[in-house]
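Descriptive analysis of the structure
Single-letter residue listing:
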Amino acid sequence: MDDFPVDLNLTGENMQDANTPRICEGYLMKRRKWPLKGWHKRYFVLDKGILRYSKNQHDFSRGKMHGALDVSLAVMSVNKKARRIDLDAGDIMYHIQAKTPDSYYIWVTKLSAHRMYKKNEAAHVHNGFLQALSQTSHLSHKNSPMQDMGASYVGEPLPCVNPAVNGKVSAWLQTQEPDICAQEFTRCQMELNELQRLVQKLHSLESGQMVNNGDLQRIISMQNLLLDKPKKKSGKIWGHSRTLSRVEALGMATPPASTSSESKKLHQDICSMSLKVHASLRTTHEALAQERQRLQDTWSSRELHQTTSAQINNLCSLAESGSGRSLSFRAPSVADSAAEYFDACDELMCASSSEMSDESGLSDGSSNSEPDEAHAMASRKYRASLSKAPPKLNSIKNTGRRTTLPAVCPDNSHVGLMTILYNNIGKDLSRVSMPAALNEPVCLLQRLCEELEYSDLLDTANHTDDPYQRMVYIAAFAISGYATAQYRNRYKPFNPVLGETFECIREDRGFRYISEQVSHHPPISACHAESDNFDFWQDQRWKNKFWGKSLEIMPTGMVNVTLKKYGDHYEWNKVVTCIHSVLSQQRYLEHYGEVIIRNLKSSVCTCKITFVKSRYWGSDGSKNEVQGQVLDESGNVIHRFGGFWHEGIFCDTLPNPQCIWKPNPQPKNYMLYFGFSSFAIEMNELIPDLKPLLPPTDTRLRPDQRLLEEGKIEETDKKKDEVEEKQRERRKILAKRGEEHIPRFFRKTLDAAGREVWLYNGTYWKIRDNPGFSNVKNLELW
């Protein structure tokens, strides 16, 4: 939902003159936390651009808040028919619903007014920052990069930053060697100077073109005049009541004419430079986070404590034997300055945690609070053990398969992803056709096979006698399936067409795999793998929801594994995957939720795995965290493990505490090849000896996917349209005949819990061996 343009030329005096939108409050229905099922009534208050809510009005008056959101930072989408309002700020997402049309209209109008006011207020603060930056720009001409960095970032604290925190960071930086941090800060300085130059040029062109203060005051005054009195209905306040005609009257406030072409070009340049600055600062932040972790590990070591104690004793002895003067001053050490800075960061995290606790994305039974000291120590121990664990030999040996793709991945920054997604807000994106430049040359059937990259964990489980330890390896396998997503947030896999198949035979790993697209609406992919040690199968359905700044992928269906030596049958669910900042090139991915693993053949033990949702103020060192427990029948913890789904899992309760899983190293230049792992690069390879044995429905024979792998983007788009159109025609023919598509290698049935599942019917490998797919009738999909 678009807002009125923001006035970038408001001064402090004008901001005080502008009328603040009046408070809007009342009860609304709010969608529950993860897994987003059901609604509950909550009391909301919108004041000065901040939307807060509590369980009821009494709790709000006592200051007991459940959450808060700056509406100017959120994308707002509305659904008039359902009286729905969705607010997506990336890390926080509110889905609210009004009980009556009057309440809906007033909340939409008030939210728009508060968003506009808050954005103008932010623009005023931003102008002050740029003016201060202009005054200090002359400091950038020094003799060396370190002097340049020091003058701009250490000598002059930036406006809008807590001076105390900035001073602590400065003291910490001044004690470091001028190595990587110096280079990063030099690059940041150059890009900030360029950004400041563009903004100054924009100000000189755009004076008076944006919404002026008079427009802002008139718009907000109209809304306050029309919408200031609450109306009671049935003894309950549901918001401010008003008529539709009054809302339509606000159409008088129209945005001004579009800016000049030169101004628009400047806007684009500023956006581009802002992205570069953001990337530079993020890189610098990661370097600082790593240095912080190193300092914390060093400071917590026993050797350093003993050395420091000896040094303190020596200093005390010198002070006592000196000329009577105490040591009243000393230069700050690295550890002291860093400790002060870390304390300041911790205060920021604690201050924000209460506002975000209700939108954690986890169920009420799981904890998403900041870790206590014991948990922090455990996390450091996990990370230290993972860094020391060598990769397994069988995971890095030469398989004889290809190590690169025929062509590098295409640049899709020009694709109008914003237009595509905003036209489909709230819809299932599996039904939306995307340009080929957004795809990667594998399909969802192959992505399911990628979950078997670490099948050696199942082999180990099948040779582990202790049932509790077996469960630990099953849990590690369940976590390992998510590791492939670490570098795969820029492109999406192909959606298989109905009847499409994929086979994978890996003698080096001891399994063979078959999958088929068994349903189109809803899209369902079924797969089955077998080896001497295990059987693995699942049927997955994905629901995709776009919420403005983020994209949620919610899988349904269960994963199943049986171990042949013990007859165990393990079953577990999958968690939500969320792609944040989906409209930018700095998008990132996380998984959150709970996985419950049960052995359907034995109740000896169960396993609970929590994928912890990261917090906005959390450090990069706490992202992608996983915590797990193996419980006996009475609920007692037998084994405890944890780590990070992109780095590995460590278990300290085994007889020999060890890293039980660590991802394989990425191949050389992997970012040029869609972020693929070595296993994924091998996935779509089509060797001459294999081609005659495959059915014509195999993914590796799909023409549009093959063209994309070869880097032929325009041809891919044309062929992709042809494949999709042929699928539509095939469905129409079946509909005219009154027939339904019957999957070839999987059958639909019900499991013990009464759920619909798709199971392998055992025919694929038999047909492949005799008489061969070239000798039987097959579907023509492309």
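Higher on the page you've got the structure.
Below is a short write-up of the structure. Note that residues are indexed from 1 along each chain, following the sequence as it is written. Local features in a predicted model are, by the rule used here, given only for residues with pLDDT of at least 70; side-chain atom pairs are given and counted only at 80 or more, and totals for whole chains, interfaces and linings are based on all residues. No hydrogens and no water enter the side-chain calculation; it runs on all heavy atoms of the structure.

This part covers the pattern of salt bridges. In what follows, salt bridge is the name for a side-chain nitrogen of Lys or Arg lying within 4 Å of a carboxyl oxygen of Asp or Glu. Counted under the stated rule, the structure contains 32 salt bridges. Two residues, R700 and D698, come together in a salt bridge whose shortest N-O distance is 3.0 Å. D698 carries the same exposure label as R700, and that label is buried. Note on classification: 1.4 Å probe, protein chains only; a residue is buried when its accessible area is under 20% of the maximum for its type, exposed when over 50%, partly exposed between these limits.

So, on to the sheet that holds strand β3 (residues 50-54). Think of it this way: DSSP has to see at least two bridges between two strands before they count as a pair. Numbering of helices and strands starts at the N terminus; helices are DSSP runs of H or I of at least 4 residues and strands are runs of E of at least 2. Strand order across the open sheet formed by 7 strands is β4-β3-β2-β1-β7-β6-β5, with antiparallel pairing between neighbours. Where the open sheet ends on each side, the last strands, each with one partner, are β4 (67-70) and β5 (75-79). Taking each pair of neighbouring strands and ignoring which way they run, the sheet shows an average axis angle of 30 degrees. In the sheet, strand β1 (residues 24-31) pairs with strand β7 (residues 93-97) via 2 bridges, with the strands oriented antiparallel. Interaxial angles span 0 to 180 degrees and are taken between N-to-C directions of axes, which are lines fitted to C-alpha atoms, for helices over the stretch in contact.

Time to look at the nonpolar core. By nonpolar core we mean a set of buried residues, namely Ala, Val, Leu, Ile, Met, Phe, Trp, Tyr and Cys, connected to one another through side-chain atoms within 4.5 Å. In terms of nonpolar packing, the biggest core is built from 61 residues, with Y513, W572, I597 and I609 touching the most fellow members. With 9 residues, helix α16 (residues 467-480) is the single largest residue contributor to this core. Residue contacts are counted whenever heavy atoms from the two residues lie within 4.5 Å of one another. Residues within four places of I609 in sequence aside, it is in contact with A475, I479, G593, E594, V595, I597, V626, Q627, G628 and F641. Judged by nonpolar contacts, the second largest core, of 22 residues, contains I96, Y105, I106 and W107.

Right, let's get into the packing of aromatic side chains. Put simply, two rings from Phe, Tyr or Trp (the six-membered ring, in Trp's case) pair if the centres are within 6.5 Å, and we call them stacked under 30 degrees between planes, edge-to-face over 60, tilted for the rest. In total, this model carries 18 aromatic pairs according to the counting rule given. An angle of 80 degrees between the planes, with centres 6.3 Å apart, marks the rings of F477 and W572 as edge-to-face. One end of the pair, F477, is in helix α16; the other, W572, is in strand β18 (residues 569-572), and 95 residues separate them in sequence. Given a relative accessible area of 4%, W572 falls into the buried group. Between F745 and Y764, the aromatic rings sit 5.0 Å apart at their centres with planes inclined by 80 degrees, giving edge-to-face as the arrangement. Here F745 is found in the loop between α19 (713-737) and β26 (746-750), whereas its partner Y764 is found in helix α20 (residues 764-769), with 19 residues between them in sequence. Joined through ring pairs, the aromatic side chains of F745, Y764, W765 and F773 make up one cluster. When the ring centre of Y566 is taken as origin, the NZ or CZ atom of R470, which lies over that ring, is 3.9 Å away. Whether a charge sits over a ring comes down to the Lys NZ or Arg CZ being within 6 Å of the ring centre and within 35 degrees of the ring normal. A cation sits over an aromatic face here: K623 above Y588, 5.0 Å from the ring centre.

The next point concerns α16. Helix span, as expected, comes to 1.5 Å for every residue beyond the first. Its 14 residues give α16 an end-to-end C-alpha distance of 20 Å, which sits within 8% of 20 Å, the value for a rise of 1.5 Å per residue. Counted residue by residue, α16 has 12 buried out of 14 residues, so it is predominantly covered. Listed as buried for α16 are Q469, R470, M471, V472, Y473, I474, A475, A476, F477, A478, I479 and S480. The residue sitting at the N-terminus of α16 and contributing the capping side-chain oxygen is D466; that oxygen lies 2.9 Å from the backbone nitrogen of Y468. Here a polar contact is recorded for every N or O atom pair within 3.5 Å, except that within protein the pair must consist of a potential hydrogen donor and a potential acceptor, and residues adjacent in sequence are included only if both atoms are side-chain atoms.

Our next topic: unusual backbone geometry. Cis peptide bonds are those with omega within 30 degrees of zero, and the linkage from H521 to P522 qualifies with 0 degrees. Looking at the secondary structure, you find P522 in the loop between β13 (511-519) and β14 (524-531). Cis peptide bonds are those with omega within 30 degrees of zero, and the linkage from N770 to P771 qualifies with 15 degrees. Even without a glycine there, the phi angle at N624 is positive, about 65 degrees. Mapped onto the elements of the fold, N624 is located in the loop between β21 (605-611) and β22 (625-632).

Below, the discussion takes up the environment of N495. Following the sequence through the fold, N495 ends up in the loop between β11 (492-494) and β12 (501-506). Given a relative accessible area of 28%, N495 falls into the partly exposed group. Through-space distance from the C-alpha of N495 to that of P523 is 8.6 Å; in sequence the pair is 28 residues apart.

Before going further, it helps to spend a moment on the pairing of strand β20 (residues 588-599). Counting buried residues along β20, 10 of its 12 residues qualify, which places the element largely inside the surrounding structure. Pairing of strand β19 (residues 576-580) with β20, which is carried by 5 bridges, proceeds in the antiparallel orientation. Within β20, the residue paired with T577 across the bridge is H591. In this sheet, β21 lies alongside β20 in antiparallel orientation, the contact comprising 6 bridges. By the bridge assignment for β21, E594 is matched with T610. Where β20 folds back on β21, the antiparallel hairpin that results is connected by 5 residues.

A few words on the state of the cysteines. Two cysteine sulfur atoms form a disulfide, by the criterion used here, when they sit within 2.5 Å. By the definition in use, this model includes 0 disulfides. The structure places no disulfide on C449, whose sulfur is separated from the nearest cysteine sulfur, that of C504, by 3.9 Å. A residue is classified by how much of its surface remains accessible, and C449, at 0% relative accessible area, is buried. No disulfide involves C651; its sulfur sits 9.9 Å from the nearest other cysteine sulfur, which is in C607. Owing to a relative accessible area of 0%, C651 belongs among the buried residues under this scheme.

Looking at where E503 falls in the secondary structure, it is placed in strand β12. Excluding anything up to four places from it in sequence, E503 contacts Y513, I514, L690, L694, D698, R700, Y764, W765 and R768.

This is a description of form; function is not addressed.
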